[in-house]
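This is what each chain is made of:
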Amino acid sequence: MIEFKNVDKHFADLHVLQNINLKVAKGEVVVVCGPSGSGKSTLIRTINGLEPINGGEILVDGQAISKRARPAERQKIGFVFQQFNLYPHLSALQNITLAPRRLGGLSEDKANAEGLDLLAQVGLVEKSRHYPAQLSGGQQQRVAIARALAMKPRILLFDEPTSALDPEMIGEVLSVMKSLAHGGITMMVVTHEMGFAREVSDRVLFIDQGRILETATPQAFFKHPVHPRARQFLQQLQSPLHLAEESA
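All figures in this text were calculated on a predicted structure; none of them were measured in a lab. (Residues numbered from 1 in each chain as written. Predicted model: local features only at pLDDT ≥ 70, side-chain atom pairs only at ≥ 80, totals over all residues. Heavy atoms only, no water.)

Student: Go over the nonpolar core with me, naming the residues and quoting the values.
Tutor: With 48 residues, the main nonpolar core has Ile 145, Phe 158, Met 187 and Phe 221 as its most contacted residues. Setting aside anything within four residues of it in sequence, one finds Phe 221 in contact with Cys 33, Val 204, Phe 206, Glu 214, Ala 216, Ala 230 and Leu 234. In this structure, Val 24, Ile 53, Ile 58 and Leu 157 belong to the second largest nonpolar core, which totals 25 residues. (Core = buried A, V, L, I, M, F, W, Y, C linked by side-chain atoms within 4.5 Å. Buried < 20%, exposed > 50% of the residue type's maximum accessible area, 1.4 Å probe, protein only. Contact = heavy atoms within 4.5 Å.)

The following block contains the structure:
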C-alpha cells in the first residue's frame, strides 16, 4: 500500500530523511518510534505531500505520489495531527462533513448522515452540535479521527495523536485507534505509546537521525532489539526519571 524508494528529505543543510526504503502492506499497522528530532513526523508527512521530498519516490497503492501531492492524491490518505487542527467556528459534525461536501460532492443530508455514523463510531454522536472549545482534548482528537475517516481513505496516518492530551484522555483516543486497527485499514502511527505498539501494531519501525535502524515485530523489538541505538532508546523509556515525567 505504501512504498518508499530511496527517499531523501532536506531542511536547508539538515538531512532529515536519508535513503529511506520501506514497504507497508495493505491492512498493516506500523508504529514509528524514535527519539525527538529523529525524522518520525517528517517521514509520515511525506506520504501525503505535507512535506515534499528532495529525492527518491513514494508510491501509494502502486501510484507515485508527486513531490507536492495534489488534493486528489491526498484524499486517499487520512491524517490525524498532534494538535487536532479542528476549525473552531464549525461544530463537530460540520468539521467532519466539510470535505465530503466540498471535495466529495455529497449532499448535505448524505454528508450529515455519514458524519453522524462516524461520530457514533468514535463515541461522540451526542456532541455533534458542540464546537471544539466545548470539547475536551480527547474529544477533539476523536472528532479529528472521524474527520480523517470521512473521505473514506485507504491509509490513515497519525502524528503523535496523544502527545497533546492530558494522561486521563489518552486512553479514550487509543481505544478508538485500536478499533480502527482491528478493522483492516492501513495505518502508520508516530507515537511514544509503547503499550499501543506492543498490543496493536504488526510492525515497529525505529528511526534515528533520519535513518531506519530497525524494523521488527513488536515481540522481537521489545524483547530483543538488535540495534544498539534501539536498545538504548527502550532502556531510556524504562528509566525511573522518564517514568516519573510520564506520570507527572
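From this point, things continue past the structure.
Student: Now, about the sheet that holds strand E10 (residues 211-216): what can you tell me, with residues and values included?
Tutor: The sheet built from six strands is open, its strands ordered E6-E7-E8-E3-E9-E10 with mixed pairing. Two strands bound the open sheet, and with one partner strand each, they are strand E6 (77-80) and E10. Across the sheet, the mean angle from the axis of one strand to that of its neighbour is 20 degrees, orientation sign disregarded. Direction of pairing for strand E3 (residues 29-33) relative to strand E9 (residues 203-208): parallel, over a ladder of four bridges. Residue pairing across strands places Val 30 opposite Arg 203, the latter belonging to E9. Most of the contacts of helix H5 (residues 137-149) go to E6, to which it runs at about 170 degrees, and overall it touches E6 and strand E7 (155-159). (Pairing = 2+ DSSP bridges. Helix = DSSP H or I, 4+ residues; strand = E, 2+ residues; numbered from the N terminus. Axes fitted to C-alpha atoms, helices over the stretch in contact; angles between N-to-C directions.)

Student: Hey, could you go over the packing of helix H3 (residues 92-102) against helix H4 (residues 108-121) for me, with residue numbers and the actual values?
Tutor: Relative orientation of the contacting elements H3 and H4 amounts to 130 degrees, with a least axis distance of 9 Å. Viewed along their axes, H3 and H4 adopt a mutual orientation that is oblique. The chirality of how H3 crosses H4 is right-handed. Judged by residue contacts, Leu 93, Ile 96, Thr 97 and Arg 101 of H3 engage Glu 108, Ala 111, Asn 112, Gly 115, Leu 116, Leu 118 and Leu 119 from H4. By residue class, the composition of the contact of H3 with H4 is six nonpolar, three polar and two charged. (Parallel < 35°, antiparallel > 145°, perpendicular 65-115°, else oblique. Left-handed = near helix turned anticlockwise from the far one by under 90°. Nonpolar A, V, L, I, M, F, W, Y, C, P; charged D, E, K, R; others polar.)

Student: Now, about the packing of aromatic side chains: what can you tell me, with residues and values included?
Tutor: Inspection of every chain in the model, using the stated rule, returns four aromatic pairs. Ring centres 5.3 Å apart and planes at 50 degrees place the aromatic pair Phe 206 and Phe 233 in the tilted group. With Phe 206 in strand E9 and Phe 233 in helix H9 (residues 228-237), this pair connects stretches of sequence that are 27 residues apart. Note on accessibility: Phe 206 and Phe 233 belong to one class, buried. In textbook terms, an aromatic cluster arises when at least three aromatic residues are bridged by ring pairs, as seen for Phe 206, Phe 221, Phe 222 and Phe 233. (Phe/Tyr/Trp six-rings, centres within 6.5 Å; stacked < 30°, edge-to-face > 60°.)

Student: Tell me about the pairing of E6, residues and numbers included.
Tutor: With burial as the criterion, each face of E6 is covered, one bearing Ile 77 and Phe 79 and the other bearing Gly 78 and Val 80. Sheet topology places E6 next to E7; four bridges connect them, and they run parallel. Across the sheet, Val 80 pairs through a bridge with Phe 158, a residue of E7.

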